[in-house]
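Understanding the architecture of this molecule
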Amino acid sequence: MEGNRNEFFNEIIGNIDDIFVPDDLHSARRELQDGEISRTLERCYSVISESGKLLSGTTASALAHRKPLSASSLQLSVTSYLSRFLKRGVYEKIKRRQTRLDHNLFDVLWPAMRKTSKARHLEEDINCGIIAPDFDVFVVFQEFLVPLLKDMHCLSIDADFKPQPRLAYFPMDNGERLNTAAFVFDDESLLVTRCLVEASRNLDQLELPLNLTIGQLEQAERLMMGKIFTTNFADAIGESDSGNYYTLTELLETDSEVAMMLSSLGLMIPLLDTKDLVQAAESTAFNGALWPYGRGVFVNSAHNLAVWLNCQEHLRVISTTSSKDPADMGAAYTRVGRAISYLETQLHFKESYLLGYLQSRPSYLGTGLKMTAIVKLPNLMKEMDNLRHLCSVRGLSMVTNRLSKLTVRLVNMQSMGVVEYVLFQDYCTAVTNILSLEKDMSLTNSKHIATMLVKIFRRKKNSIVDRN
């Protein structure tokens, strides 16, 4: 039966309308009956449809509709992007479906309906305003999600999914796989303030953390920490000490020193404030009613790598560059690659033949890999729409920081369809190209200023001569 389920899931079935067939192991096999949810879904569809009309004249490339200048504009741009894929015919076909865990279309769309906060707790612009509450949504709502996922990951919508290649973080040398990938952004102008790399995984035998019971959360936490809090894991990432583990309850305490440490190191993840009524409700929808129980974070002894447990995904490995070498992307990538490569030998992760490693966050499907460079682009940032376009055509998503107008985040769009090392190379090339454009503009401006100064001095000299 398990073999039938995997085959069924991997092929992404072509017609799920016949949901009452024996080998359908993904839908609830019954239609949505809740009238209030149905009415809410109708309102959601109206918002998405209307926003699509408002922005119908703009470019249709994968993240180009996003204009994260204010909460309302980000919501409008995200919903208008979704309108390209949630057409009336598609909506009518899937609106009454439920997954095996009773999740419906609203459970997928709700992040797009909220007005985003300055802190961007849900990464709306990176994930296009959707979330996967369970693994079955990718089959049950495939008419909507399949073309959206292809576009999100810079793949051709008309082409079939190709099998996700096997894990390969590092290049080959004389027939052997290396365990290092070196790359430092050429940054004489100090444009790069920090680089981050994240890779996420979910355990094969369990549902997403949102859906787990107390016992299952404890089981997952214990299983993963049994592999991470060891000398073997420390050896794998090139360290002698095993680091420290902190529960999320500790971290969420008022004036938590752990939270402040992680924030200063750049290893903190966005977390909702459960003391705020609105965010508390969102946290329940996002993380489940048991939050923050059974969650925690492991920090290595060098304080440049963190492993978050049961926070959206079962496992989130994050590494960052040091303040001494902020542009050393290769160092952060290598740490994550070594950690994930080791854990792959110790744990079984949920994956699909076509979608790769399955995730709650759709933009992480495939490899589960996201690379981020936090950069200062004072010249290019004067024309944000142009900068957004320059990034988009290079496969980069540009995320602005509403708390600071001095920097932007450049994140790889694609994580599906290719191996990790190719993603790493392509990403470094794309960011290097953006940095080169910024340097060229600075040089051009400097020459322009120098030319203006020469003209001013000439005019002054001529005026002095004329007076004499």
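The coordinates are above.
Described below are features of the structure shown in this document. No experiment lies behind these values; they were computed from the predicted model shown. (Residues numbered from 1 in each chain as written. Predicted model: local features only at pLDDT ≥ 70, side-chain atom pairs only at ≥ 80, totals over all residues. Heavy atoms only, no water.)

Structural notes on the overall build of the protein chain
How we decide: Put simply, DSSP H or I for four residues or longer makes a helix, DSSP E for two residues or longer makes a strand, and each gets a number counted from the N terminus. To sort residues, take the accessible area from a 1.4 Å probe on protein chains only and compare it with the maximum for the residue type: under 20% means buried, over 50% means exposed, and anything in between is partly exposed. Contacts are assigned to residue pairs that have any heavy atoms within 4.5 Å of one another. Surface accessibility follows the Shrake-Rupley procedure with a 1.4 Å probe radius. Residue values consider only the protein chains on display as shielding.
Tallying secondary structure elements over the protein chain gives 15 helices and twelve strands in all. Out of the 468 residues belonging to the protein chain, those deemed buried represent 53%. In the protein chain, of all internal contacts separated by at least 6 residues, the share reaching a separation of at least 24 is 73%. Carbon and sulfur atoms provide 53% of the accessible area of the protein chain, an area that totals close to 21,400 Å².

Let's talk about the nonpolar core
Most often, soluble globular proteins keep nonpolar side chains buried together rather than apart. Filter applied, for reference: Grouping buried Ala, Val, Leu, Ile, Met, Phe, Trp, Tyr and Cys residues that are joined through side-chain atoms within 4.5 Å yields what is termed a nonpolar core.
Within the largest apolar cluster, 59 residues are counted, with the highest numbers of intra-cluster contacts made by Phe185, Ile228, Phe233 and Leu410. Contacts of Phe233, omitting those with residues within four sequence positions, involve Lys227, Ile228, Phe298, Leu305, Val307, Ala339, Tyr342 and Leu343. Formed by 39 residues, the second largest nonpolar core is a distinct cluster that contains Leu82, Leu86, Leu109 and Ala132.

A short note on the environment of Arg394
Among the structural elements, Arg394 can be located in the loop between helix H14 (384-392) and strand E11 (396-400). It is 5.7 Å that separates the C-alpha atoms of Arg394 and Ala430, two residues lying 36 residues apart in sequence.

Overview of helix H12 (residues 277-287)
To be explicit about the condition: By construction, the arc corresponds to the directions joining the helix axis to the C-beta atoms.
Every buried residue of H12 is listed here: Gln279, Ala280, Glu282, Ser283, Phe286 and Asn287. On an axial view of H12, the arc spanned by its buried residues comes to 165°, and they lie on one face. Exposed residues pointing more than 90 degrees away from the buried face of H12 are listed as Leu277, Val278 and Ala281.

Quick look at the pairing of strand E12 (residues 408-412)
Test applied: Should DSSP find at least two bridges between two strands, the strands are regarded as paired.
For E12, the buried fraction is high: four of the five residues fall into the buried class. Note that strand E10 (residues 369-375) and E12 share four bridges and pair antiparallel. Each bridged residue has a counterpart across the sheet, and for Thr372 the counterpart in E12 is Val411. Pairing analysis gives five bridges linking E11 to E12, with the strands arranged antiparallel. Opposite Val399, over in E12, you have Arg409 as the bridge partner.

A word on the pattern of salt bridges
Defined as follows: Take a side-chain nitrogen of Lys or Arg and a carboxyl oxygen of Asp or Glu: if they are within 4 Å of each other, that pair is a salt bridge.
Scanning all chains against the criterion turns up 15 salt bridges. What emerges from the salt-bridge pattern is a single network uniting Glu42, Arg88, Glu92 and Lys95.

Observations regarding the pairing of E11
Two faces make up the sheet, and in a regular strand the side chains alternate between them. Counting buried residues along E11, five of its five residues qualify, which places the element largely inside the surrounding structure. The alternating pattern of E11 places Leu396, Met398 and Thr400 and Ser397 and Val399 on opposite faces, both of which are buried.

Notes on helix H11 (residues 257-265)
Short version of the rule: Whenever two N or O atoms come within 3.5 Å, that pair is a polar contact, provided that in protein one can donate a hydrogen and the other can accept it, and provided that, for residues adjacent in sequence, both atoms are side-chain atoms.
Looking only at H11, the buried set comprises Val258, Ala259, Met261 and Leu262. What you see down the axis of H11 is that its buried residues fit within an arc of 160°, all on one side. Facing away from the buried side of H11 by more than 90 degrees, the exposed set consists of Glu257 and Ser264. Where H11 is buried, its residues touch strand E4 (244-247), helix H10 (248-251), strand E5 (296-299) and strand E6 (305-311). Here H11 starts with a cap whose side-chain oxygen sits 3.3 Å from the backbone nitrogen of Val258, and that cap is Ser256. Positive backbone phi, at 80°, marks Gly266, one or two positions downstream of H11.

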